[in-house]
Amino acid sequence: MIKLTQHRQVILDLINESNHHWEAEELARTLAERDHPIGIATVYRGLAALEAQGLISSFQLADRKRYERASKAHHDHLICTECGTIEEFSNDRIEQQQDLVAKENGFSITGHQLVIFGVCRKCS
Ligand SMILES: [Zn+2]
Ligand SMILES: [Zn+2]
C-alpha cells in the first residue's frame, strides 16, 4: 500500500468515483463545492504525483491534460467539439496499424494517444 497525503487521497477518491475525464481546474472546483478546498497548485502537484505512481492516467487534450482512472485496458478517446462529451473506444485494427506504422518508421513504441474530434450523437 502506498501511503498518500490526505489531499492526494481526496483527489484520487474523486477520480476513482466515476468515469469522468477531469481537468485540474474542474477538479479543484468540485472539491471546493464538496467542502474540501485544495489550492490549485496542490491539485496540480497531486495529480502529477498520482500519475507518476500509476494510480491515475492522463491524456493530453490541446494544451491541457485530462485525468482519469488508471484503466486496466488501453483505450482512446472521441471528443465532441459541441458539448465536450468524451467517449472511450478501443479498436484492435487501429492498434495494429499503429504498430505497423511505427515499425515502418523504425520506431519502438513507448505509448500513443489517439483523440478523434467531432460532433456526438446528441449534438448532431
Ligand atoms: Zn455533443
Ligand atoms: Zn478515458
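What counts, and where the lines are drawn
Residues numbered from 1 in each chain as written. Chains lettered and ligands numbered in written order. Predicted model: local features only at pLDDT ≥ 70, side-chain atom pairs only at ≥ 80, totals over all residues. Heavy atoms only, no water. Donors = N, O, S within 2.8 Å, 3.2 Å for Na, K, Ca; no water. Tetrahedral: all angles 85-135°; square planar, octahedral: opposite > 155°, others 65-115°. Salt bridge = Lys/Arg side-chain N within 4 Å of Asp/Glu carboxyl O. Helix = DSSP H or I, 4+ residues; strand = E, 2+ residues; numbered from the N terminus. Buried < 20%, exposed > 50% of the residue type's maximum accessible area, 1.4 Å probe, protein only.

The subject of this paragraph is the coordination of the zinc ion (ligand 1). The protein atoms that coordinate the zinc ion (ligand 1) are C80 (SG), C83 (SG), C120 (SG) and C123 (SG), at distances of 2.3 Å. Here the zinc ion (ligand 1) is ringed by four donor atoms whose angles at the metal span 105 to 116 degrees, and the overall shape comes out tetrahedral.

In the structure shown here, the tally under the stated rule is five salt bridges. With its nearest N and O atoms 3.5 Å apart, the salt bridge here joins R64 to E25. Within this pair, whereas R64 is found in strand β2 (residues 64-69), its partner E25 is found in helix α2 (residues 24-33), the two being separated by 39 residues in sequence. By relative accessible area, R64 is classed as partly exposed at 37%. When its relative accessible area of 33% is taken as the criterion, E25 is described as partly exposed. Three or more residues are tied together by salt bridges with common partners; here these are E23, E25, R64 and R66.

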